[in-house]
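Each chain is listed here by its residues.
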Amino acid sequence: MKIAISEAKAKLSALVNAALAGEQVILTKHGRPVAEIKTLAAKKSPAEKLSAIGRIVVEARSKRLSGVSAAKADNFLYDDDTGLPS
């Protein structure tokens, strides 16, 4: 929905409710879009963030592939003398 700023002043509560319902609310000035009313993402508590990180770590560990670790890849790929694969 597009609405002029002058008209939006009287309808701010209704416009915020429309944005909360998922509707795009664009404010116009002299017929040109200049601003948007949209919802903010809910902020997560530190405990929720830590829990999410824990879930990501567990998932990543379950997907770990076997093979040479990145820390040892240089030793695995290159010979010490020539620098080329053996």
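The coordinates are above.
Peer 1: I'm lost on the pattern of salt bridges in this one. Help?
Peer 2: Two side chains that carry opposite charge are able to pair once their charged atoms sit near each other. Scanning all chains against the criterion turns up two salt bridges. A salt bridge links Glu 7 to Lys 11; its shortest N-O distance comes to 2.8 Å. By relative accessible area, which is 39% here, Glu 7 ends up partly exposed. Judged by relative accessible area, Lys 11 falls into the partly exposed class, the value being 38%. In this structure, Lys 63 and Glu 59 form a salt bridge, with 3.0 Å as the shortest nitrogen-oxygen distance. For Glu 59, a relative accessible area of 45% gives the class partly exposed.

Peer 1: Please explain a nonpolar patch on the surface as it appears in this structure.
Peer 2: Judged by side-chain polarity, Leu 12, Val 16 and Leu 20 come together as a nonpolar surface patch covering roughly 280 Å² of accessible area. Looking at where Val 16 falls in the secondary structure, it is placed in helix H2 (residues 12-20). By relative accessible area, Val 16 is classed as partly exposed at 35%.

Peer 1: It is not clear to me how unusual backbone geometry should be interpreted in this structure. Could you clarify?
Peer 2: Residues apart from glycine generally show negative phi values, whereas peptide bonds are mostly found in trans. Backbone geometry at His 30 places phi at a positive 55°, although glycine is not the residue there. Of note, His 30 is situated in the loop between strand S2 (25-29) and strand S3 (32-37). You can call His 30 exposed: its relative accessible area is 78%.

Peer 1: Help me understand the nonpolar core, please; the structure alone is not making it clear to me.
Peer 2: Burial of nonpolar side chains together is a common tendency in soluble globular proteins. One finds Ile 3, Ala 8, Leu 15, Ala 18, Ala 19, Val 25, Leu 27 and Ile 37 forming the largest nonpolar core, which totals eight residues. For this core, the elements supplying multiple residues, two or more each, are H2 and S2. Top contributing element to this core by residue count: H2, with three residues.

Peer 1: Help me out: how do you make sense of the sheet that holds S2 in this one?
Peer 2: Working definition: the strands of a sheet are paired by backbone hydrogen bonds and lie parallel or antiparallel to each other. Strand order across the open sheet formed by three strands is S1-S2-S3, with mixed pairing between neighbours. Edge strands, defined here as strands with exactly one partner in the open sheet, are strand S1 (2-4) and S3. In this sheet, neighbouring strand axes are inclined to one another by 35° on average, regardless of whether the strands run parallel or antiparallel. The pairing of S1 with S2 spans three bridges and is classified as parallel. Directly across from Ala 4, in S2, lies its bridge partner Thr 28.

Peer 1: Looking at this structure, I do not really get H2. What am I missing?
Peer 2: Each full turn of the α-helix corresponds to 3.6 residues, which orients residues three or four apart in the same direction. Buried within H2 are the following residues: Leu 15, Ala 18 and Ala 19. The arc that holds the buried residues of H2, viewed along the axis, is 100°, so those residues lie on one side. Residues of H2 that are exposed and point more than 90 degrees away from the buried face comprise Ser 13 and Leu 20. The inward-facing, buried residues of H2 abut S1, helix H1 (5-8), S2 and S3.

Parameters and conventions
- Residues numbered from 1 in each chain as written.
- Predicted model: local features only at pLDDT ≥ 70, side-chain atom pairs only at ≥ 80, totals over all residues.
- Heavy atoms only, no water.
- Salt bridge = Lys/Arg side-chain N within 4 Å of Asp/Glu carboxyl O.
- Buried < 20%, exposed > 50% of the residue type's maximum accessible area, 1.4 Å probe, protein only.
- Patch = residues over 30% accessible without salt bridge, like charges linked within 9 Å, V, L, I, M, F, W, Y side chains within 5 Å.
- Areas by Shrake-Rupley, 256 points an atom, 1.4 Å probe, with all protein chains shown as cover.
- Helix = DSSP H or I, 4+ residues; strand = E, 2+ residues; numbered from the N terminus.
- Core = buried A, V, L, I, M, F, W, Y, C linked by side-chain atoms within 4.5 Å.
- Pairing = 2+ DSSP bridges.
- Axes fitted to C-alpha atoms, helices over the stretch in contact; angles between N-to-C directions.
- Arc of directions from axis to C-beta.
- Contact = heavy atoms within 4.5 Å.

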